[in-house]
Amino acid sequence: MSQSYNFTHAICRAPSNSIVDGLRAVDTGTPDLDLFRQHHAAYVAALRATGAEVTVLDPLEAYPDSVFVEDAALCLPKGAIAMRPGAPSRLGEAAEMVPHIRAAYGEIAQITGPGFIEGGDILVTEREILVGKSARTDAAGVAELRTIVSGWGYVVRELQTPPDVLHFKTDCSLLDEETILTTRRLAASDCFSDYSLIFTADGEEACANAIRFNDSVIMPSGFPRTAEALDKAGYTIVQIGNSEAAKLDGGMSCLSLRFTPPG
Ligand code: CIR
């Protein structure tokens, strides 16, 4: 069974009223909180439909972006690590996540700095952990992660997130042991030369952030040509509305921590 996309558990966090103040690269309008909640509920339902146990944490008003739980922690089969988000307004989200990952894992590790690293920059495949440096993740953050996880037997490969792309996984997703969904601009750096690739359709780059979760590939709705390509390739596609999270540069991976607790 593949450890990189088969999971028994997930942690999500309900969107807070303060989400309207969430970070965004370009202002394309204020997220509609009711619609955000509907999309979030559909997302949680899609995770649960695969048989996983999904915990939905209470909203955190002090952290407008805290619905994007992926950035606060990394959960691996052999251990969990609290991240150190590079966005100052998000730094405290890691400490908020600590008790929840500790409840699942017992002992956990923590990135203590001085570097920064966010979960959105980390793609875990069956054989390695790819980390893209970005405006949120620096070399010192990657180095500290490497020190922690190499003790658990994982290999870290440091890469570069393309300029003006928020996170490494904004532009790619794992589909199975050998296959990655990616934009052409990210793949152009040859970072995936050892993998089979499926490219997002031209003009549909915004759906590169999907997740393989058990038997489902959960992707944002509104990207029909990429959805068709994934369907033809044999994946079971579940499409979820993402218009409101997208206003805050969020997508499918950001909304959950996915893991199988050890033992
Ligand atoms: C941020 O800028 O941090 C949030 N508005 C969006 C975070 C998206 N997270 C992710 O891609 N892992």
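See the structure above.
Report follows, based on the coordinates. The structure displayed is predicted, hence computed values, not measured ones. (Residues numbered from 1 in each chain as written. Predicted model: local features only at pLDDT ≥ 70, side-chain atom pairs only at ≥ 80, totals over all residues. Heavy atoms only, no water.)

## What to know about the sheet that holds strand β4 (residues 79-82)
Then, number 1: Pairing in this open sheet of three strands is mixed, and the strands run β3-β4-β5 from one edge to the other. Looking at the sheet topology across the chains shown, the edges are occupied by β3 (73-76) and β5 (109-110).
Then, number 2: Each of β3, β4 and β5 is contacted by helix α2 (residues 93-105), which is oriented at about 170 degrees to β4, the strand it contacts most. (Pairing = 2+ DSSP bridges. Helix = DSSP H or I, 4+ residues; strand = E, 2+ residues; numbered from the N terminus. Contact = heavy atoms within 4.5 Å. Axes fitted to C-alpha atoms, helices over the stretch in contact; angles between N-to-C directions.)

## Topic: the pattern of salt bridges
Then, number 1: Summed over the entire model, instances satisfying the criterion amount to 14 salt bridges.
Then, number 2: Between E158 and K133 there is a salt bridge, and its shortest N-O distance comes to 3.0 Å. Linking E158 in strand β8 (residues 156-160) with K133 in strand β7 (residues 129-133), this pair joins segments that are 25 residues apart in sequence.
Then, number 3: The exposure class of K133 is partly exposed, given its relative accessible area of 22%.
Then, number 4: For D171, the salt bridge identified is with R185, shortest N-O distance 2.5 Å. (Salt bridge = Lys/Arg side-chain N within 4 Å of Asp/Glu carboxyl O. Buried < 20%, exposed > 50% of the residue type's maximum accessible area, 1.4 Å probe, protein only.)

## Points about unusual backbone geometry
Then, number 1: Here G113 and P114 are connected by a cis peptide whose omega angle stands at 15 degrees.
Then, number 2: In this structure, P114 sits in the loop between β5 and β6 (122-124).
Then, number 3: In the Ramachandran plot, N214 falls in the positive-phi region, its phi being about 55 degrees despite a non-glycine side chain.
Then, number 4: The class for N214 is buried, based on a relative accessible area of 9%.

## Describing the environment of L174
Then, number 1: With respect to the secondary-structure elements, L174 resides in strand β9 (residues 172-174).
Then, number 2: A C-alpha to C-alpha distance of 9.3 Å links L174 and V217, two positions 43 residues apart in sequence.
Then, number 3: In this structure L174 touches S4, Y5, L123, V124, T125, T179, I180 and R212, once residues within four positions along its chain are discounted.

## Observations regarding the site of the ligand
Then, number 1: Among the 13 residues in the neighbourhood of the ligand, the closest are listed as D65, D71, R90, R136 and L248.
Then, number 2: H167 places a polar side-chain atom, nitrogen or oxygen, 3.0 Å from an oxygen atom of the ligand.
Then, number 3: A distance of 2.7 Å is found between a nitrogen atom of the ligand and a backbone nitrogen or oxygen belonging to L248.
Then, number 4: Compared with its free state, where it exposes 350 Å², the ligand has 98% of that area covered by protein.
Then, number 5: In terms of residue class, the shell around the ligand is made up of five nonpolar, two polar and six charged. (Near = heavy atom within 4 Å. Polar contact = N/O pair within 3.5 Å; in protein donor to acceptor, adjacent residues only side chain to side chain. Areas by Shrake-Rupley, 256 points an atom, 1.4 Å probe, with all protein chains shown as cover. Nonpolar A, V, L, I, M, F, W, Y, C, P; charged D, E, K, R; others polar.)

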